[in-house]
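# Structure at a glance
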Amino acid sequence: MPRTKKFGQQKRRLIRKKTSVCVESEQFDVSANQKKIEKSEGHFDYKDNFSAESQSRFVIIDLNMLNDIFNNIAKCRYCDRSFCFDVAENKSSCRGLASSILATCKFCGSSYGSMTSNSVPAGYEVNLRFVYGMRCIGIGKSAAQTFCALMNLPPPPAKFERLYTPILMRWKLLHHVQWLTALMKLSLKTKTIKT
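Residues numbered from 1 in each chain as written. Predicted model: local features only at pLDDT ≥ 70, side-chain atom pairs only at ≥ 80, totals over all residues. Heavy atoms only, no water.

### A closer look at the overall build of the protein
- When helices and strands are counted, the protein shows seven helices and five strands.
- Residues classed as buried in the protein amount to 19% of the 195 residues present.
- Residue pairs in contact within the protein that sit at least 24 positions apart in sequence constitute 35% of those at least 6 positions apart. (Helix = DSSP H or I, 4+ residues; strand = E, 2+ residues; numbered from the N terminus. Buried < 20%, exposed > 50% of the residue type's maximum accessible area, 1.4 Å probe, protein only. Contact = heavy atoms within 4.5 Å.)

### Remarks on the sheet that holds strand 1 (residues 85-95)
- Ordered by their spatial adjacency, three strands build an open sheet running 1-2-3, and the pairing between neighbours is antiparallel. Looking along the sheet, the strands with just one partner apiece sit at the ends: strand 1 and strand 3 (111-115). Taken over all neighbouring pairs, the strand axes of this sheet differ in orientation by 20 degrees on average, direction set aside.
- As paired elements, strand 1 and strand 2 (residues 98-105) share seven bridges and run antiparallel to each other. Bridge pairing in strand 2 links F85 to C105.
- Strands strand 1 and strand 2 of the sheet are contacted by helix 4 (residues 63-73), whose axis makes an angle of about 140 degrees with strand 1. (Pairing = 2+ DSSP bridges. Axes fitted to C-alpha atoms, helices over the stretch in contact; angles between N-to-C directions.)

### Focus on the nonpolar core
- By size, the foremost hydrophobic cluster in this structure holds 11 residues: L97, A98, V126, F130, V131, M134, A144, C148, F160, L163 and I167.
- Those elements that provide at least two residues to this core are helix 5 (125-136) and helix 6 (141-150).
- Top element by residues in this core is helix 5. It accounts for four residues.
- Apart from the residues within four sequence positions on either side, V131 is in contact with P157, F160, L163, Y164 and I167.
- Core analysis: the next-biggest nonpolar cluster, separate from the first, contains nine residues, L66, A74, F85 and A103 among them. (Core = buried A, V, L, I, M, F, W, Y, C linked by side-chain atoms within 4.5 Å.)

### Here we look at the layout of surface pockets
- Empty space within the largest pocket amounts to approximately 1,400 Å³.
- Lining the largest pocket are 36 residues, with V59, I60, I61, L97 and T116 sitting closest to its centre.
- The class makeup of the residues in the lining of the largest pocket is 21 nonpolar, nine polar and six charged. (1 Å grid on protein atoms, 1.4 Å probe; cavity = no way out; pocket = protein on both sides within 12 Å on 5 of 7 lines; lining within 4 Å. Points joined across faces, edges and corners; volume = space filled by probe spheres on them. Nonpolar A, V, L, I, M, F, W, Y, C, P; charged D, E, K, R; others polar.)

### With respect to helix 4
- Taken as a whole, helix 4 has its buried residues at L66, N67 and N71. Projection of helix 4 onto a plane perpendicular to its axis shows the buried side chains occupying an angular sector of 130 degrees, all on one side. In this structure, helix 4 carries N72 and I73 as exposed residues pointing more than 90 degrees from its buried face.
- If you follow the buried residues of helix 4, they end up packed against strand 1 and strand 2. (Arc of directions from axis to C-beta.)

### A closer look at the side chain of N127
- When you line up the elements, N127 lands in helix 5.
- The class for N127 is buried, based on a relative accessible area of 4%.
- Setting aside anything within four residues of it in sequence, one finds N127 in contact with R95, G96, L97, A98, P157 and L163.

### Here's the deal with the pattern of salt bridges
- Within the structure shown, the criterion is met by one salt bridge.
- Between R129 and E125 there is a salt bridge, and its shortest N-O distance comes to 3.0 Å. Of this pair, R129 and E125 both sit in helix 5, four residues apart, roughly one helical turn.
- In this structure R129 comes out as exposed when scored by relative accessible area, which is 51%. (Salt bridge = Lys/Arg side-chain N within 4 Å of Asp/Glu carboxyl O.)

### A few points about the environment of P157
- Relative to the helices and strands, P157 resides in the loop between helix 6 and helix 7 (164-194).
- Given a relative accessible area of 7%, P157 falls into the buried group.
- Spatially, the C-alpha atoms of P157 and C94 are 9.2 Å apart, while their sequence positions differ by 63 residues.
- Apart from residues no more than four positions distant in its own chain, P157 is found in contact with G96, N127, F130, V131, K141 and L163.

### Considering the packing of aromatic side chains
- Tallied over the entire structure, the rule returns two aromatic pairs.
- Ring geometry for F70 versus F85: centroids 6.1 Å apart, planes at 65 degrees, classification edge-to-face. One end of the pair, F70, is in helix 4; the other, F85, is in strand 1, with 15 residues separating them in the sequence.
- By relative accessible area, which is 10% here, F85 ends up buried.
- For the cation-ring pair, R81 lies above F107, with the distance from its terminal atom to the ring centre recorded as 4.3 Å. (Phe/Tyr/Trp six-rings, centres within 6.5 Å; stacked < 30°, edge-to-face > 60°. Lys NZ or Arg CZ within 6 Å of the ring centre and 35° of its normal.)

And the structure:
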């Protein structure tokens with residue numbers, strides 16, 4: 001049944017006053033996410049949020065951009081030339097979303113490669129976090145494959161279901177610890193009531 005328009009009723013609009021934090025952030029032309037951070041914390045400190053120590057998270061980056069960054073800031077340690085790197089992904093060593101990145105000097109041929117994620121007992125951390133995230137929002141392997149295809153990412157881990165086990169074991173451990181803590185608190189309360 002189609003919607004019918006109700007005449008004589010207007011939509012309510014919320015008019016908010018600008019706080020001093022919002023006015024300050026608009027002067028610097030910052031993003032909406034940065035404004036949210038400012039509102040929640042009351043201030044925004046660039047050094048705290050963009051220091052090298054705090055960057056232990058995953059980002060999606062285009063390999064061409066990574067190639068440009070390497071070429072603009074790095075020199076080859078063997079031939080001492082700049083603007084000489086080719087950054088490429090080794091597609092044969094992809095392990096789900098973790099892949100091998102190789103930087104090769106065009107002139108002397110020296111190269112350095114590394115995986116894009118840390119190794120954990122269950123595989124690679126990025127894969128474990130990806131599976132956990134997909135499970136948290138209630139979707140499984142086929143939806144994860146669709147997401148990766150649309151975002152032009154490598155396919156999700158082939159052993160998608162096997163990564164449920166470490167997540168489930170962690171969840172059970174956490175649940176058990178919380179249950180014991182609650183039980184101990186309850187027993188302490190009953191002891192204090194009796195005395």
